[in-house]
Amino acid sequence: MLIKIGQFDITECWDGVFYKKLSRYPDITEWEIQTVLDFIEYEKANGRSCEIEAEKEILDAINRYRSSCQGGIRISPPDKIEECTACPKYKGCMTDYVCHTTSVENAIKILNCGSLLSPVTSRKMSAEELRRESRNAANDPADYFEY
């Protein structure tokens, strides 16, 4: 998995690339570093390796923080995650809640299932099929909502 850290519209995982948006690019907070390291650990636990692509200063900050994170020190989530752009009303995601954007049909499936799965896994569709569906939905956003 390639992790690209930079100035993106949103944080998302797409086609084998994890695009990590920073709240105050090019500065990276300890919370943002921790989320990157947690992502790497998750990938490792599932048999996948990661490579980070970022500016030298960002890579240096991650490497400095890595030892304390691996030593068990954890950063509490901030009250608001400003890198998230899904909640324009609050200009970030309020961490007392989970924010997930999906169709009503898929939200019902998620709630009935009790867990979040990747769309490729849960819907047994290729990334290209999902991309086409996403483009079609962007043209008709009435079927989508945030919760």
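Criteria and thresholds
Along each chain, the written sequence defines residue order, and numbers are assigned to residues from 1. Totals for whole chains, interfaces and linings use every residue, but because this is a predicted model, local features are given only for residues with pLDDT of at least 70 and side-chain atom pairs only at 80 or more, for both listing and counting. Each side-chain value is derived from all of the structure's non-hydrogen atoms; neither hydrogens nor water enter the calculation. Every helix listed is a DSSP run of H or I at least four residues long, and every strand listed is a run of E at least two residues long, numbered separately from the N terminus. Three exposure classes are used, based on accessible area relative to the maximum for each residue type with a 1.4 Å probe and protein chains only: buried under 20%, partly exposed in between, and exposed over 50%. Any two residues whose heavy atoms approach within 4.5 Å are treated as being in contact. Only the protein chains shown count as cover for residues, and the accessible areas themselves come from Shrake-Rupley with a 1.4 Å probe. Cysteine sulfur atoms are paired as a disulfide whenever they fall within 2.5 Å. Pairing of aromatic side chains here covers Phe, Tyr and the six-membered ring of Trp, requires ring centres within 6.5 Å, and sorts the geometry by plane angle: under 30 degrees stacked, over 60 edge-to-face, intermediate tilted. Within this document, salt bridges are pairs made up of a side-chain nitrogen of Lys or Arg and a carboxyl oxygen of Asp or Glu, the two lying within 4 Å of each other. A score from 0 to 100, pLDDT tells how confident the predictor is in each residue. In this scheme, a helix's expected span is set at 1.5 Å multiplied by one less than its residue total.

Draft legend 1. Spotlight on the overall build of the protein chain. In terms of helices and strands, the protein chain carries five helices and eight strands. For the protein chain, the α and β elements follow one another from N to C terminus as β-β-β-α-β-α-β-β-β-α-α-α-β. Looking at the protein chain as a whole, 27% of its 147 residues qualify as buried. Residue pairs at least 24 apart in sequence account for 49% of intrachain contacts in the protein chain once pairs closer than 6 positions are excluded. Accessible area for the protein chain stands at about 10,000 Å²; split by element, carbon and sulfur atoms hold 53% of it.

Draft legend 2. Main features of the state of the cysteines. Within this structure, the stated rule accounts for zero disulfides. Not engaged in a disulfide, the cysteine C13 finds its nearest cysteine sulfur in C50; these two sulfurs lie 9.1 Å apart.

Draft legend 3. Molecular detail of the packing of aromatic side chains. Enumeration over the complete set of coordinates arrives at two aromatic pairs. Their ring planes at 15 degrees and their centres at 4.2 Å tell us that F18 and F39 sit as a pair that is stacked. Taken together, the residues F18 in strand 3 (residues 17–21) and F39 in helix 1 (residues 30–45) connect sequence positions 21 residues apart. Taken individually, F18 and F39 each receive the classification buried, so the pair is uniform in this respect.

Draft legend 4. Geometry of the pattern of salt bridges. For the structure on display, the rule yields four salt bridges. For K4, the salt bridge goes to E53, with nearest N and O atoms at 3.8 Å. Pair noted here: K4 is in strand 1 (residues 2–6) and E53 is in strand 4 (residues 51–53), with a separation of 49 residues, a long-range link. Linking D38 and R74 is a salt bridge whose minimum nitrogen-to-oxygen distance equals 2.8 Å. Of this pair, D38 sits in helix 1 while R74 is found in the loop between helix 2 (56–70) and strand 5 (80–81), placing the two residues 36 residues apart along the sequence.

Draft legend 5. How the structure looks around the confidence of the model for the protein chain. Within the protein chain, residue pLDDT values average 77, and 73% of them lie at 70 or more. Taken element by element, the predicted model of the protein chain shows its lowest mean pLDDT in strand 8 (residues 144–146) (36) and its highest in strand 4 (96). In the model, residues 138–147 has pLDDT below 50 throughout and makes 23 contacts with residues more than four positions away in sequence or in other chains.

Draft legend 6. Molecular detail of the environment of K4. Given a relative accessible area of 24%, K4 falls into the partly exposed group. Filtering out sequence-adjacent residues up to four positions away, K4 remains in contact with V17, F18, Y19, K20 and E53.

Draft legend 7. Layout of helix 1. End to end, helix 1 covers 22 Å across 16 residues, agreeing with the expected 22 Å (1.5 Å per residue, within 8%). Within helix 1, the full set of buried residues consists of W31, E32, I33, Q34, T35, V36, L37, F39, I40 and E43. Tucked into the core, helix 1 has its buried residues touching strand 1, strand 2 (12–14), strand 3, strand 4, helix 2 and strand 5. Where helix 1 terminates, the next one or two residues include G47, which has phi positive at roughly 80 degrees.

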